[in-house]
Amino acid sequence: MKRGENLYILIIGLSVFIAGCSLDKIPPSTNNKYQSKVDSLLKIMTVEEKIGQLNLLSSSWDVTGPTMNKNYKQLIKEGKAGAIFNAFSVDYVTRLQKLAIEETRLGIPLLFGYDVVHGHRTIFPIPLAQSCSWDMELIEQSDRIAAIEATAEGVNWSFAPMIDVSRDPRWGRVSEGAGEDTWLASLIGAARVKGFQDKDLTDNNTLIACVKHFAAYGAPQAGRDYHTVDMSERSLREYYLPPYQACIEAGARTVMTSFNEIAGVPSTSNRWLFRELLRDEWGFNGFVVTDYTSIYELIPHGVATDSAMAGELALRAGIDMDMQSNIYSKHLKKSLDMGKVSMKDLDQAVSNILLIKYQLGLFDDPYKYCNVQREDTEILTQKSQQFAREFVAQSCVLLKNENNTLPISRSVKKIALIGPLSNSKDDMLGNWSAAGRAEDCVTLYEGLKEKSKTYNYKLEYAIGCNVLEESTSNFNKAIELAKSADYVILALGEHRHLSGEAASRTDIGLPGVQQQLANKIIALGKPTVVVLFNGRPLTIQELNDKAPAILDAWFGGTQSGNGIADILFADAIPSGKLTMTFPKNVGQIPIHYNMKNTGRPVRDENPLYKFTSRYIDAENEPLYPFGYGLSYTKFDYKNLLLNKEEITSTDSIQISVEVSNTGNYDGTEIVQLYLQDIVGSVTRPVKELKGFKKVFIPKGEKVTVSFTLTVNDLKFYDINMNYKFEPGTFNFLIGPNSVSGIKGAFTLL
Ligand code: NOJ
């Protein structure tokens, strides 16, 4: 038995004893069965061992940031790491965990983190695509599967959900989020936390979630990644903070800082954010981790002169764990000796981390996620592939469908598949693909090939051009192929690294010569659908004007091609709706559906009148609005009904509408409810999403969809920053997207 093991047993024994006699002295927020164990462990730790727990190091298995600690194994042995990320597989995690358990004095187990952003080995649609399903059950279930797969490979901490609201599609990381709406993103964040953490963290197939990036990382100036954020506290609280809070309320155990500053204070040194808001106001009692090298970045931000000062600022701000800067590890002891940080702050940070290690059951069994049998049987299962395929179909958004170009007629004899995304396995993964492998992915070509066995058509494909290429030399081959076919599918868009971290674009149109290729092919006059692969809304006005049909397939992950083929042949009916506005051009950005009216709104009777808030060279309206998406069938909205026209503060109001499926397919509609508080003590948006229902309606049938609203749905931060409702009249819109539907009004007395 090694030294670590002896002490391990001693501590467990001691903790059990203390747990038995001191539980009632622990303050309520930490009054749980583990806090006493943490406290007793803390008592026997040296300062160096405590600081070691605050250090998070990347292994060399994956590169997700700018610097690497090549000696991480040595640092684990020296007790200078509390957690490792970018390491997975039973064999590797076991080996690293052994270093911590057997080679260090106290044998404190390591956490293993990874960016399980949209699946672990089975990759699901990118989060922005997932959000277009408006389906909390699917979203939660996908993260349940992700957690099962990740824990089967040793991972116990997911760096997700990323829930940064963003109104700027130039920012590459919109692909990782849940779109532009605060309320919807809050629901999605909570569902994702539940999916990862499920009911019991001591199970071996649940892992801890990490809400990121706190805070307002999605609002960088000019859409440039890592750039400055400056906004009023009102906007911060009203539009950017609620999704993080929803995740905390759903039980998320960790929070990641963001790279940006807000109003001059970088997140990683922002005491107000982490101590006052997150812990005191919201009651968070997990631990806070920095983003990659964020403590070091306090120096270029210009708030710290050197690494030591950066570490002091971070610890004092309430940042518990240092990802990759190694600054706590190198400087905190000296800062402590010099009285620049307190032992109390250090102990609190260590305690926050140890508590979670206990909650996960790692002290009982540090190898609980290292089970070869699970690794062999619980990854890429048939069931998860089937689920992923259905999720792809639910995430696709039908943007245009003239002349019933879709679905593809089952009598079609030859299909030409053209474009750079037709058969690119790697791109299907989207960005942040964790342990996902290109070879596991089904491309559109492969999905259509499989489908041809059922519908009996010939399929040929030509690349036409590469995503970024400027050459048109492959056009002719593609054009000849299109001429020979009776149906054309154009697979166009971005490649997977054009969105994600550090992938902001100033031009968000179709890259390279793809539009030119599309123009030539569409001009042939064949029935043509564009299948778009993208990690953000794109400016595709020209494509929209010319292509008869456009299906947005985003990046669908492992089962992309199968899920899209299901939609193209009506084996699944499109129902996805956009969660981010598609602008007409970059000049309209930031653009979102819940804008303010201004004092000079565009006049309905004279939209071109000069002195109103508009552009002189483009309309204010987007290309496709928030909430928009078509189906193969048709839904009619009528018979709006309110159970009353006035409500009181103790009342509720019911708004219902009849939705009929008048088309030729059974289908699913996402019925949306928007409200406008016409007059307030502060200005309110022209509309805000307050409810939605995803309903299946067989063809020829109708359903009544009802929403119940109470004053809680009418609250906002008033002129004094109190979260309240105010009496007055509210307009509402109930319909298929944020611009069309049936309008009405009610009054809050
Ligand atoms: C930087 C990213 O901003 C963050 O989202 C990610 O979790 C870390 N790198 C770790 O890979």
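Residues numbered from 1 in each chain as written. Predicted model: local features only at pLDDT ≥ 70, side-chain atom pairs only at ≥ 80, totals over all residues. Heavy atoms only, no water.

Visitor: How should I be thinking about the overall build of the protein chain in this particular structure?
Guide: Across its full length, the protein chain carries 23 helices and 26 strands. For 749 residues, the compact-globule estimate of 2.2 N^0.38 gives 27 Å, and the C-alpha radius of gyration of the protein chain, at 27 Å, lies within 12% of that figure. Its C-alpha atoms put the protein chain at 75 × 65 × 50 Å along the principal axes. Buried residues in the protein chain amount to 62% of all 749 residues. Contacts in the protein chain between residues far apart in sequence, at least 24 positions, make up 78% of those at least 6 positions apart. Split by element, the accessible area of the protein chain, about 27900 Å² in all, is 50% carbon and sulfur. (Helix = DSSP H or I, 4+ residues; strand = E, 2+ residues; numbered from the N terminus. Rg over C-alpha atoms; globule rule 2.2 N^0.38 Å. Buried < 20%, exposed > 50% of the residue type's maximum accessible area, 1.4 Å probe, protein only. Contact = heavy atoms within 4.5 Å. Areas by Shrake-Rupley, 256 points an atom, 1.4 Å probe, with all protein chains shown as cover.)

Visitor: Could you clarify how one ought to interpret the site of the ligand in this entry?
Guide: By nearness alone, 14 residues border the ligand, and Thr-64, Asp-115, Arg-173, His-213 and Asp-291 come closest of all. In the model, an oxygen atom of the ligand is placed 2.5 Å from a nitrogen or oxygen of the Asp-115 side chain. The separation between an oxygen atom of the ligand and a polar side-chain atom of Asp-291 is 2.5 Å. Of the residues in the shell around the ligand, the class split is seven nonpolar, two polar and five charged. (Near = heavy atom within 4 Å. Polar contact = N/O pair within 3.5 Å; in protein donor to acceptor, adjacent residues only side chain to side chain. Nonpolar A, V, L, I, M, F, W, Y, C, P; charged D, E, K, R; others polar.)

Visitor: Where do I start with the domain arrangement of the protein chain in this structure?
Guide: It is common to give the size of an interface as the accessible area that goes away when the parts come together. The domain architecture assigned to the protein chain consists of domain 1 (3-27 + 35-114 + 205-368), domain 2 (375-588) and domain 3 (635-748). Computed over C-alpha atoms only, the centres of domain 1 and domain 2 are separated by 40 Å. Each partner contributes to the interface: domain 1 provides 12 residues, whereas domain 2 provides seven residues. Counting across the domain 1 and domain 2 interface gives zero salt bridges. For the pair domain 1 and domain 2, the number of links is six residue pairs in polar contact (both at pLDDT 80 or more). (Domains from an automatic or database assignment. Salt bridge = Lys/Arg side-chain N within 4 Å of Asp/Glu carboxyl O.)

Visitor: Sorry, what's going on with the packing of helix α2 (residues 35-43) against helix α15 (residues 343-359) here?
Guide: In a packed pair of helices, the relevant descriptors are the angle between the two axes and the axis-to-axis distance. Contact pair α2 / α15: the axes reach a minimum separation of 9 Å and the direction vectors enclose 130°. The angle between the axes of α2 and α15 places the two elements in the oblique class. The crossing of α2 and α15 is right-handed. Along its contact with α2, which presents Gln-35, Lys-37, Val-38, Leu-41 and Leu-42, the element α15 presents Asp-347, Val-350, Ser-351, Leu-354, Leu-355 and Tyr-358. When grouped by side-chain class, the residues that make up the contact of α2 with α15 number seven nonpolar, two polar and two charged. (Axes fitted to C-alpha atoms, helices over the stretch in contact; angles between N-to-C directions. Parallel < 35°, antiparallel > 145°, perpendicular 65-115°, else oblique. Left-handed = near helix turned anticlockwise from the far one by under 90°.)

Visitor: Explanation requested: the environment of Cys-132 in the structure shown.
Guide: Along the chain, Cys-132 falls in the loop between α6 (127-131) and α7 (136-152). Cys-132 gets classed as buried once you look at its relative accessible area, which sits at 0%. Separated by 263 residues in sequence, Cys-132 and Ser-395 have C-alpha atoms that sit 5.3 Å apart. Apart from the residues lying within four places of it in its own chain, the contact partners of Cys-132 are Gln-394, Ser-395, Val-397, Trp-554, Gly-576, Lys-577, Leu-578, Thr-579 and Ile-670.

Visitor: Mind showing me how you'd approach the nonpolar core here?
Guide: Most often, soluble globular proteins have nonpolar side chains that are buried together. Ranked by size, the top nonpolar core spans 195 residues in total, and within it Trp-157, Phe-214, Ile-489 and Leu-568 carry the most contacts. Contact partners of Ile-489, with chain neighbours within four places excluded, come to Ile-408, Ile-415, Ala-416, Leu-417, Ile-418, Leu-444, Leu-448, Val-529, Val-531 and Leu-568. In terms of nonpolar packing, the next biggest core, distinct from the first, is built from 22 residues, Tyr-637, Ile-653, Val-705 and Leu-714 among them. (Core = buried A, V, L, I, M, F, W, Y, C linked by side-chain atoms within 4.5 Å.)

Visitor: How do you make sense of the packing of aromatic side chains when you look at a structure like this?
Guide: Aromatic rings in a pair are described by how distant their centres are and how their planes are angled relative to each other. Evaluated as defined, the whole model comprises 34 aromatic pairs. Chaining the aromatic ring pairs together yields one cluster made of Trp-134, Trp-183, Tyr-593, Phe-626, Tyr-674 and Phe-692. Over the ring of Trp-432 we find Lys-212, and its NZ or CZ is 5.5 Å from the ring centre. The aromatic ring of Tyr-609 is capped on one face by Arg-603, whose charged end is 4.1 Å from the ring centroid. (Phe/Tyr/Trp six-rings, centres within 6.5 Å; stacked < 30°, edge-to-face > 60°. Lys NZ or Arg CZ within 6 Å of the ring centre and 35° of its normal.)

Visitor: Sorry if this is basic, but what is going on with the sheet that holds strand β22 (residues 702-710) here?
Guide: Within a sheet, neighbouring strands are paired by backbone hydrogen bonds and run either parallel or antiparallel to one another. Spatially, β17-β19-β22 is the arrangement adopted by the three strands of the open sheet, whose pairing is antiparallel. Edge positions in the sheet fall to β17 (635-642) and β22, since each has one partner strand and no second. Shown here is a sheet whose adjacent strand axes are inclined to one another by a mean of 25°, direction ignored. Alignment of strand β19 (residues 652-661) against β22, held across nine bridges, turns out to be antiparallel. Bridging across to β22, Ser-652 finds its partner in Thr-710. (Pairing = 2+ DSSP bridges.)

Visitor: Looking at this structure, how should I read the sheet that holds strand β21 (residues 688-697)?
Guide: Strands sit in the order β18-β26-β25-β20-β21 across an open sheet of five strands; the sheet is mixed. Strands with a single pairing partner mark the edges of an open sheet, and in this sheet they are β18 (646-647) and β21. Bridge count between β18 and strand β26 (residues 742-748): two bridges; the pairing is parallel. Residue pairing for β26: Ile-647 is matched across the bridge by Leu-748.

Visitor: Hey, could you run me through the side chain of Gln-514 in this one?
Guide: Relative to the assigned elements, Gln-514 resides in helix α21 (residues 514-522). Contacts of Gln-514, omitting those with residues within four sequence positions, involve Pro-420, Leu-421, Cys-465, Val-467, Leu-492 and Gly-493.

Visitor: I'm lost on unusual backbone geometry in this one. Help?
Guide: A negative phi holds for most residues other than glycine; trans holds for most peptide bonds. Between Ala-160 and the following residue, Pro-161, the backbone shows a cis peptide bond with an omega angle of 10°. With respect to the element layout, Pro-161 can be found in the loop between β4 (157-158) and α8 (182-197). Backbone torsion omega between Ile-589 and Pro-590 reads 0°, so that peptide bond is classified as cis. Locating Pro-590 in the fold gives a position in the loop between α23 (560-568) and β17. Unlike most non-glycine residues, Asp-198 shows phi in positive territory, near 45°. Within the fold, Asp-198 resides in the loop between α8 and β5 (208-214). Take Asp-198: its relative accessible area is 32%, and that puts it in the partly exposed class.

Visitor: In this structure, what is going on with helix α5 (residues 90-103)? I would like to understand it.
Guide: Residues three or four positions apart in an α-helix share a direction because the helix packs 3.6 residues into each turn. For α5, which comprises 14 residues, the first-to-last C-alpha distance of 19 Å matches the rise-based estimate of 20 Å (1.5 Å per residue) to within 8%. Within α5 the residues assigned to the buried category are Val-90, Tyr-92, Val-93, Leu-96, Gln-97, Leu-99, Ala-100 and Ile-101. (Expected span 1.5 Å × (residues − 1).)

Visitor: How do you make sense of helix α20 (residues 475-484) when you look at a structure like this?
Guide: Burial in α20 covers these residues: Phe-475, Ala-478, Ile-479, Leu-481 and Ala-482. Angular distribution of buried residues about the axis of α20 spans 160°; they occupy a single face of the element. Seen from the open side of α20, the exposed residues pointing more than 90 degrees away from its buried face are Asn-476 and Lys-477. Contact partners of the buried residues in α20: β12 (414-418), β13 (458-462), β14 (487-493) and α21. (Arc of directions from axis to C-beta.)

Visitor: Explain the packing of helix α17 (residues 382-395) against α23 here, please?
Guide: One can describe the packing of α17 onto α23 by two numbers: an axis separation of 8 Å at closest approach and a directional angle of 50°. When the axis of α17 is compared with that of α23, the two are oblique. Seen from above, α17 lies across α23 with right-handed handedness. Facing α17, whose interface residues are Arg-389, Val-392 and Ala-393, α23 presents Ser-560, Asn-562, Gly-563, Ile-564, Asp-566 and Ile-567. Tallied by class, the residues present in the contact of α17 with α23 amount to four nonpolar, three polar and two charged.

Visitor: How do you make sense of the pairing of strand β6 (residues 254-257) when you look at a structure like this?
Guide: Where a strand is regular, its side chains alternate between the two sheet faces. The alternating pattern of β6 places Thr-254 and Met-256 on one face and Val-255 and Thr-257 on the opposite face, and all of these are buried. One ladder, built from three bridges, connects β5 with β6; its direction is parallel. Within the sheet, the bridge partner assigned to Val-211 lies in β6 and is Val-255. Pairing analysis gives three bridges linking β6 to strand β9 (residues 287-289), with the strands arranged parallel. Among the inter-strand pairings, Thr-254 is bridged to a residue of β9, identified as Phe-287.

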